[in-house]
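Residues per chain are reported as follows:
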Amino acid sequence: MSKRLLLLLLFVLALLPASVAWAEDAPAAAAPAAAAAPAAVDVSALQDRIADLEAYVNNGARVAKDAAGKDRASLVAGPGPGHNAWIMTSAALVLFMTLPGLALFYGGLVRSKNVLSVMAQCLGLAGVVTILWWAIGYSLAFDHGSPFLGGTKFAMLKDVLSTPNTDYAGWVSHNVWAMYQLMFAIITPALIVGAIAERMKFSALMLFMVGWMFIVYFPLAHMVWGADGFMNGVWNANAGIKAVDFAGGTVVHMSSGWSALVLALIVGKRKGFGKENFAPHSMVLTMIGTGMLWVGWYGFNAGSAVAADGVGSQAFLTTTLATAVACAAWPAAEWISRGKPSVLGFCSGAVGGLVVITPCAGFVTASGAVIIGVLAGIVPFFACTKLKTALGYDDALDTFGVHAVGGTMGALLVGFFATAEVNPNLDLNLKDIVGKTLWLEQLKAMGLTIVMAVVATCILGYALKATIGLRPSEEDEVTGLDLSDHGERGYHSSEVA
């Protein structure tokens, strides 16, 4: 080390004690200006907001108790964005089931000269039912009224705005809920089309459906899903029949399926039935329609939780399992009994699984769904082959065999497989009968649904048959309903039979 650097270091060390002493003796620096006192925090309001956030995440009630024990309104304005988004998506998925799913599924199963007729019927019902729903249908189904029918408060969708209707969903807009339920109202009568395909006039069908919506669908939807409904066992403590129906076993499939059979009997068999070839003209269209139905059905079943919550996710799982198992079980039964598994068998099995799991979806375990899937593939298969052949009725596209038989079976099975382990809401009003006698309540609901559907269909069917007639002329039926009812052809190539 150089001498100069050594001297500099010694000089610094010599000055250090003096510097420290000076710092200790120096007057304290002026304290900074006092910070403004923080505004008082309303801890109670903050706790309320946190509680509201927890309720949104858990899909709980929007109303809590204040310090005095009184109800207070939620401090979170408007619907919950996540739940709202899922139900809007679900509504679109359910519409997708009808347009184009069901239209393609049915369209492929008829002969080419009638393909447009079933598509027109699906489109026509989408328009007509929407008008009825806006005018009075939604109110009759979901307004408070009697245990059997709602009131008129929501006629023309008055006061059906973005604020949630907490009778049905704490975090979903009332208008979104109304549109979601509209999609169920559209597809239900459209299912009936399959039984009378190729032989009922468009005008007669539309008039029949208008009457059917008022006599069957609106009252049944209110009884099963209305807040004060006669068969709403989950949510109405005063329900006369304490039954359950997660997404439409009674309301959708039983009502349409049993009505379909009765209407098919009233209309009569297709000309040439049992003598001519009535094979599907395009299994390609039917398979595409099946795929669309399967995808759309997630909105139908998982959306029926009316929230993006755990119940909805369980319904998503059980729908997938039951449908896939039934999609394998039906063609397996076909393979054993007929020697080959057909694409129609795969398609029919998938739809059968979707139908049977519908009333059960948010109430049953994964293993329960697998058992339901096996039954959904086998029982409707025999109904569509053996039973139909034995009784000789002309259910053109097997609406009765799949939707009535499958829906009825599903409505009964949920009585045995439903568990509060999956859906704690079952403990609200049904704790004493779930796992015990719920199946008896299901039988009551099934019986009432069948009576309503059969009686209403007889009244409407025979009334129209005696007035405007149900069928086209024989000449028009031979020509095809595409031309006779709509003046169009689905195909212009002679290659399509």
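Everything numeric in this text was worked out from a predicted model, so none of it was measured. (Residues numbered from 1 in each chain as written. Predicted model: local features only at pLDDT ≥ 70, side-chain atom pairs only at ≥ 80, totals over all residues. Heavy atoms only, no water.)

1. A short note on the overall build of the protein chain
Item 1. Helix and strand content of the protein chain: 16 helices and 2 strands.
Item 2. The buried share of the protein chain, reckoned over its 497 residues, is 53%.
Item 3. For the protein chain, the proportion of contacts with a sequence separation of at least 24, taken over those separated by at least 6, is 75%.
Item 4. A total accessible area of about 21900 Å² is found for the protein chain, and carbon and sulfur atoms account for 67% of it. (Helix = DSSP H or I, 4+ residues; strand = E, 2+ residues; numbered from the N terminus. Buried < 20%, exposed > 50% of the residue type's maximum accessible area, 1.4 Å probe, protein only. Contact = heavy atoms within 4.5 Å. Areas by Shrake-Rupley, 256 points an atom, 1.4 Å probe, with all protein chains shown as cover.)

2. Some details on the side chain of threonine 399
Item 1. Position of threonine 399 among the secondary structure elements: in helix α12 (residues 399-417).
Item 2. Classification of threonine 399 as buried rests on a relative accessible area of 0%.
Item 3. Only 3.2 Å separates the side chain of threonine 399 from the backbone nitrogen of alanine 195, close enough to count as a polar contact.
Item 4. In contact with threonine 399, not counting residues within four places along its chain, are Tyr106, Leu191, Ile192, Gly194, Ala195, Ser256, Gly257, Ala260 and Ala404. (Polar contact = N/O pair within 3.5 Å; in protein donor to acceptor, adjacent residues only side chain to side chain.)

3. Some points on the layout of surface pockets
Item 1. Within this model, the largest pocket holds a volume of roughly 960 Å³.
Item 2. Surrounding the largest pocket, 37 residues form its lining, Asp167, Tyr168, Ala169, Trp235 and Val306 being those nearest its centre.
Item 3. Elements that contribute at least two residues to the lining of the largest pocket include exactly α5 (174-192) and α6 (202-225).
Item 4. A per-element tally of the lining of the largest pocket places α5 first, with 4 residues. (1 Å grid on protein atoms, 1.4 Å probe; cavity = no way out; pocket = protein on both sides within 12 Å on 5 of 7 lines; lining within 4 Å. Points joined across faces, edges and corners; volume = space filled by probe spheres on them.)

4. Observations regarding a nonpolar patch on the surface
Item 1. Together, Val370, Ile371, Val374, Leu375, Ile378, Val379 and Phe382 line one region of the surface with nonpolar side chains, adding up to about 480 Å² of accessible area.
Item 2. Within the fold, valine 370 resides in helix α11 (residues 366-391).
Item 3. Classification of valine 370 by relative accessible area gives partly exposed; the value is 34%. (Patch = residues over 30% accessible without salt bridge, like charges linked within 9 Å, V, L, I, M, F, W, Y side chains within 5 Å. Salt bridge = Lys/Arg side-chain N within 4 Å of Asp/Glu carboxyl O.)

5. Quick word on the packing of aromatic side chains
Item 1. In this structure the tally under the stated criterion is 25 aromatic pairs.
Item 2. Ring plane angle 65° and centroid distance 5.7 Å describe the contact between tryptophan 133 and tyrosine 138, whose orientation is recorded as edge-to-face. Comparing tryptophan 133 with tyrosine 138, the two get one shared label, buried.
Item 3. For the ring pair tyrosine 138 and phenylalanine 154, a centre distance of 5.8 Å and an interplane angle of 40° mean the geometry is tilted. Pair noted here: tyrosine 138 is in helix α4 (residues 115-142) and phenylalanine 154 is in the loop between α4 and α5, with a separation of 16 residues, a long-range link. (Phe/Tyr/Trp six-rings, centres within 6.5 Å; stacked < 30°, edge-to-face > 60°.)

6. So, the pattern of salt bridges
Item 1. A full pass over the atoms with the stated rule returns 10 salt bridges.
Item 2. Between lysine 271 and glutamate 474 there is a salt bridge whose closest N-O contact spans 3.4 Å. Taken together, the residues span a long stretch of sequence, with lysine 271 in the loop between α7 (249-267) and α8 (283-301) and glutamate 474 in helix α15 (residues 474-479) at a distance of 203 residues.
Item 3. Look at lysine 271 and you get partly exposed, because its relative accessible area is 39%.
Item 4. Ionic pairing is found between glutamate 477 and arginine 471, a salt bridge with its closest N-O pair at 2.8 Å.
Item 5. Given the relative accessible area of 5%, glutamate 477 is considered buried.
Item 6. For arginine 471, a relative accessible area of 25% corresponds to the partly exposed category.

7. Observations concerning empty space enclosed by the protein
Empty space left among the atoms is revealed by rolling a probe the size of a water molecule over them.
Item 1. Enumeration over the complete set of coordinates arrives at 1 cavity of 30 Å³ or more.
Item 2. In this structure, the largest cavity spans a volume of roughly 60 Å³.
Item 3. When residues of the lining of the largest cavity are traced back to their parent elements, those giving at least two are α3 (81-109), α5, α7 and α8.
Item 4. Top element by residues in the lining of the largest cavity is α8. It accounts for 3 residues.
Item 5. Of the residues assigned to the lining of the largest cavity, the class counts are 9 nonpolar, 2 polar and no charged. (Nonpolar A, V, L, I, M, F, W, Y, C, P; charged D, E, K, R; others polar.)

8. Some details on the environment of glutamate 441
Item 1. Relative to the assigned elements, glutamate 441 resides in helix α14 (residues 438-467).
Item 2. Along the backbone, glutamate 441 and leucine 412 are 29 residues apart, and their C-alpha atoms lie at a distance of 9.2 Å.
Item 3. Setting aside residues up to four positions removed in sequence, glutamate 441 forms contacts with Ile241, Lys242, Ala243 and Ile433.
Item 4. Engagement of the side chain of glutamate 441 in a polar contact is seen with the side chain of lysine 444, the distance being 3.0 Å.

9. Looking at the confidence of the model for the protein chain
Item 1. In this model, the protein chain carries a mean pLDDT of 91, and residues with pLDDT of at least 70 account for 88%.
Item 2. Note on residues 7-31: pLDDT is under 50 here. Beyond four places in sequence and across chains, it has 0 contacts. (pLDDT = per-residue confidence, 0-100.)

10. As for unusual backbone geometry
Item 1. In this structure, the amide linkage connecting leucine 99 to the following residue, proline 100, adopts the cis form with an omega of 10°.
Item 2. If you trace the backbone, proline 100 turns up in helix α3.
Item 3. The backbone phi angle of aspartate 159 is positive, close to 65°, even though this residue is not glycine.
Item 4. Looking at where aspartate 159 falls in the secondary structure, it is placed in the loop between α4 and α5.
Item 5. The phi dihedral of valine 306 falls on the positive side, at around 55°, and the residue is not glycine.
Item 6. For valine 306, the location among the structural elements is in the loop between α8 and α9 (310-338).

11. Quick look at the environment of alanine 315
Item 1. Tracing the sequence through the fold places alanine 315 in helix α9.
Item 2. With relative accessibility at 0%, the residue alanine 315 sits in the buried group.
Item 3. Sequence-wise, alanine 315 and alanine 369 are 54 residues apart; in three dimensions their C-alpha atoms are separated by 9.7 Å.
Item 4. The contact partners of alanine 315, leaving out residues within four places of it in the chain, are Phe246, Asn301, Ala302, Ala361 and Gly362.

12. A word on α8
Item 1. Between its first and last C-alpha, α8 extends 26 Å over 19 residues, near the 27 Å set by a 1.5 Å rise per residue.
Item 2. Along α8, the sharpest change in direction is near 25° and occurs at valine 295.
Item 3. Looking only at α8, the buried set comprises Leu285, Thr286, Gly289, Thr290, Met292, Leu293, Gly296, Trp297, Tyr298, Gly299, Phe300 and Asn301.
Item 4. Against α3, α5, α7, α9 and α10 (343-357) lie the buried residues of α8. (Expected span 1.5 Å × (residues − 1). Bend = angle between axes of the 7 residues up to and from the residue.)

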